[in-house]
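One letter stands for each residue in the lines below.
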Amino acid sequence: MTAPRFAFLHVGDDTRLPELLTASIRNLHGTARIIHCADARTPEVPGVHEVHRIDGDASRLMTLRLEAFATLPGEDPTLYLDTDMLCFSACDPAAVLGDHDVALCAREFGLSGPLNTANMGIDVSEYRDRPWQEVYPYVACATITRGGAFWRDCLQTLLGLDAKFQRWYGDQEALREVAKAGRYRVTQLPESRFGCLPEALAMVDEDPVFVHFKGPKRKNQMAEMARVLGLEELLRTPRATGR
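Note that this is a predicted model, so its numbers are computed, not measured.

*Asks:* Which residues make up helix α1 (residues 16-28), and what are the values?
*Replies:* With 13 residues, α1 should reach 18 Å at 1.5 Å per residue; the first-to-last C-alpha distance of 19 Å fits that figure. Within the sequence span of α1, burial applies to Pro 18, Glu 19, Leu 20, Leu 21, Thr 22, Ala 23, Ser 24, Ile 25 and Arg 26.

*Asks:* Which residues make up the pattern of salt bridges, and what values do they have?
*Replies:* Any two side chains of opposite charge can pair, given that their charged atoms come close. Taken as a whole and assessed by the stated rule, the structure comprises 16 salt bridges. Across the pair Asp 57 and Arg 60 runs a salt bridge, and its minimum N-O distance is 3.8 Å. The partly exposed category is assigned to Asp 57, whose relative accessible area is 36%. Relative accessible area serves as the criterion here: at 31%, Arg 60 is assigned to the partly exposed category. Between Asp 84 and Lys 219 there is a salt bridge whose closest N-O contact spans 2.8 Å. Placement of Asp 84 in the loop between β4 (77-81) and β5 (85-87) and of Lys 219 in helix α8 (residues 216-228) is noted, with a sequence separation of 135 residues between them. Exposure remark for Asp 84: the relative accessible area of 7% places this residue in the buried category.

*Asks:* Provide a residue-level description of unusual backbone geometry, including the pertinent values.
*Replies:* Phi is positive for Asp 129, which is not a glycine, with a value near 70°. Residue position: Asp 129 is located in the loop between β6 (102-106) and α4 (132-135). Owing to a relative accessible area of 68%, Asp 129 belongs among the exposed residues under this scheme. Even without being glycine, Tyr 169 reaches a positive phi, approximately 70°. Tracing the backbone shows Tyr 169 in the loop between α5 (149-159) and α6 (170-181).

*Asks:* Lay out the pairing of strand β1 (residues 5-9) with the relevant residues and their values.
*Replies:* With 5 of its 5 residues buried, β1 lies for the most part within the structure. Burial of the side chains of β1 extends over both faces: Arg 5, Ala 7 and Leu 9 are buried on one face and Phe 6 and Phe 8 on the other. In the sheet, β1 pairs with strand β2 (residues 33-38) via 5 bridges, with the strands oriented parallel. When the sheet's bridge partners are listed, Arg 5 is paired in β2 with Arg 33. Following the chain from β1 across α1 to the adjacent parallel β2, one finds a crossover that is right-handed. Pairing of β1 with β4, which is carried by 4 bridges, proceeds in the parallel orientation. Paired with Phe 8 across the bridge in β4 is Leu 81.

So, how was this worked out
- Residues numbered from 1 in each chain as written.
- Predicted model: local features only at pLDDT ≥ 70, side-chain atom pairs only at ≥ 80, totals over all residues.
- Heavy atoms only, no water.
- Helix = DSSP H or I, 4+ residues; strand = E, 2+ residues; numbered from the N terminus.
- Expected span 1.5 Å × (residues − 1).
- Buried < 20%, exposed > 50% of the residue type's maximum accessible area, 1.4 Å probe, protein only.
- Salt bridge = Lys/Arg side-chain N within 4 Å of Asp/Glu carboxyl O.
- Pairing = 2+ DSSP bridges.
- Right-handed = clockwise from strand over helix to strand, strands pointing away.

In structure tokens:
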């Protein structure tokens, strides 16, 4: 059986969040292969098995993300994650993907709420008064693909959009458009299981696979939750070097 494979993009010197993510995956997946995608200057996140570096521009974060995922070697099913997440249940990406090409995280929270049209300084006023579910039906925090073909299509889609989307929202734009084109067999990952918000934990029927601490306020809860899970001690063990 092939070891489950996980990947994430992280750039910058502060590795605290991806360290916690990595520790939480290791805590439940003894044989997991964890890949840190990065630019040329970011230090390696402790605990990963390998670093996949590309010569990209971190100011165009969405483009860098898709470039890194599109060029990651190998055809094994891989779960691509945001770094502000903690693993709560074991997961085999290959089993979840089954005979599909792609598994996308379907938005379940805040469906009717209006999109923040000035988030991260990006003007998306063309979507004013339209609900999240309509504009961005997929959350980019958790995606499973088999190889890089899907990500290459996403990258080409993003490069054809307004340049503002290369800084933010571009991955969700690309996921929506490539899925809509119908070139891939797509299945869905419920957000309540693969990107559950911490405040929703008591309301979901099944234990989540990942909890998503998106936004500044939730990120402040991530370290406390890691302590509850015993991850702080795990980070201090020799196993944290990963190889």
